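Summary of structural features
One letter stands for each residue in the lines below.
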Amino acid sequence: MFRRRILTARLVVVTGAAGVLGRAVCAELLATGHAVAGIDLAPFVDPALALSLSGIDLTDAASVADAFARIEALGPLHGLVNVAGGFRWETVADGDVESWDFLYRINLRTALNTVRAARPLLGAGGSIVNVGAAGAIKAAMGMGAYAASKSGVARLTESLAEELKDAGIRVNAVLPSIIDTPVNRADMPDAEFDRWVSPAALAGVIGFLLSDAAAPVTGALIPVTGRV
């Protein structure tokens, strides 16, 4: 769905907007007065958003460029939040080499494509927030492919922060532990869910990093781990 209207509120793009965390980030930003353009591969329409773009393959640079060309028509871009991504648990011995390529594509390549497309639209004061993973700091068993891809997100964040700091554009990442989602509850039914990070709490940290209050912060990898 594409709706064209010029905005006066600060515009932020959220990838993975149809997912649990993506919806929480959109809600946080709307509640704090932002305009939001949501992007996802999955079909979705959110009438509260300035723009809902579904069917966008973020692993494909041409698809991403087309999406951001439509976003550009809304007005100046203030921020980008890279939520889109995925997870697989498998050991090195029993897993599939393809999983390493798959997780690279959906966790790192998607972020790379979107920051490249967003960069020309961001001016001084702009902000990019990537969603990394606390598990990338020290990978547990079965987390090799996932942690490697999220380590790439961390290095992209640090490198891009250095690249863009003189342009006045900030780049940071949040590193959550286990996020309290229905899928994670189903996968770990005996866990203490109240120790996990709620999507709303993580969205609040992301909202802070997009705000003027975080103006001095760039290149940071911020653990958001609850009580895990």
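For the structure, see preceding data.
Criteria and cut-off values
Residues numbered from 1 in each chain as written. Predicted model: local features only at pLDDT ≥ 70, side-chain atom pairs only at ≥ 80, totals over all residues. Heavy atoms only, no water. Core = buried A, V, L, I, M, F, W, Y, C linked by side-chain atoms within 4.5 Å. Buried < 20%, exposed > 50% of the residue type's maximum accessible area, 1.4 Å probe, protein only. Helix = DSSP H or I, 4+ residues; strand = E, 2+ residues; numbered from the N terminus. Contact = heavy atoms within 4.5 Å. Pairing = 2+ DSSP bridges. Axes fitted to C-alpha atoms, helices over the stretch in contact; angles between N-to-C directions. Salt bridge = Lys/Arg side-chain N within 4 Å of Asp/Glu carboxyl O.

Ranked by size, the top nonpolar core spans 29 residues in total, and within it Val13, Ile39, Phe68, Ile71, Leu77 and Ile128 carry the most contacts. Secondary-structure elements contributing two or more residues to this core are β1 (11-15), β2 (35-39), β3 (51-53), α2 (61-72), β4 (77-82), α3 (97-118), β5 (122-131) and α4 (144-164). Per-element accounting of this core gives the leading share, 4 residues, to α2. Excluding anything up to four places from it in sequence, Ile39 contacts Val13, Val14, Thr15, Gly16, Ala17, Phe44, Leu53, Ile56, Leu58, Ala67, Phe68 and Ile71. Listed in part, the 25 residues of the second largest apolar core include Val14, Val36, Ile179 and Val224.

This next bit is on the sheet that holds β1. Strand order in the open sheet made by the 7 strands is β3-β2-β1-β4-β5-β6-β7, with parallel pairing throughout. Each edge of the open sheet carries a strand with a single partner, namely β3 and β7 (221-224). For this sheet, the mean inter-axis angle between neighbouring strands, taken without regard to orientation, is 20°. Sheet topology places β1 next to β2; 5 bridges connect them, and they run parallel. Across the sheet, the residue bridging to Val14 is Gly38, located in β2. Strands in contact with helix α6 (residues 199-210) are β1, β4, β5, β6 (170-176) and β7; relative to β6, the strand with the most contacts, it is inclined by about 165°.

The subject of this paragraph is the pattern of salt bridges. Applying the stated rule across the entire model yields 8 salt bridges. In this structure, the salt-bridge partner of Asp212 is Arg10, at a minimum N-O distance of 3.1 Å. Within this pair, whereas Asp212 is found in the loop between α6 and β7, its partner Arg10 is found in the segment before β1, the two being separated by 202 residues in sequence. Looking at Arg10, the relative accessible area reads 37%, which means it is partly exposed. With its nearest N and O atoms 3.5 Å apart, the salt bridge here joins Asp194 to Arg227. Of this pair, Asp194 sits in the loop between α5 (182-187) and α6 while Arg227 sits in the segment after β7, placing them 33 residues apart in sequence.

A word on the pairing of β6. Regular strands place side chains that alternate from one sheet face to the opposite one. Where burial is concerned, most of β6 is hidden: 7 out of the 7 residues are buried. Residues of β6 alternate between two faces, with Arg170, Asn172, Val174 and Pro176 on one and Val171, Ala173 and Leu175 on the opposite face, all of them buried. Looking at chain direction, β5 and β6 are connected through 5 bridges and run parallel. Residue pairing in the sheet places Val131 in a bridge with Val174 of β6. Pairing between β6 and β7: 4 bridges, direction parallel. Each bridged residue has a counterpart across the sheet, and for Pro176 the counterpart in β7 is Val224.

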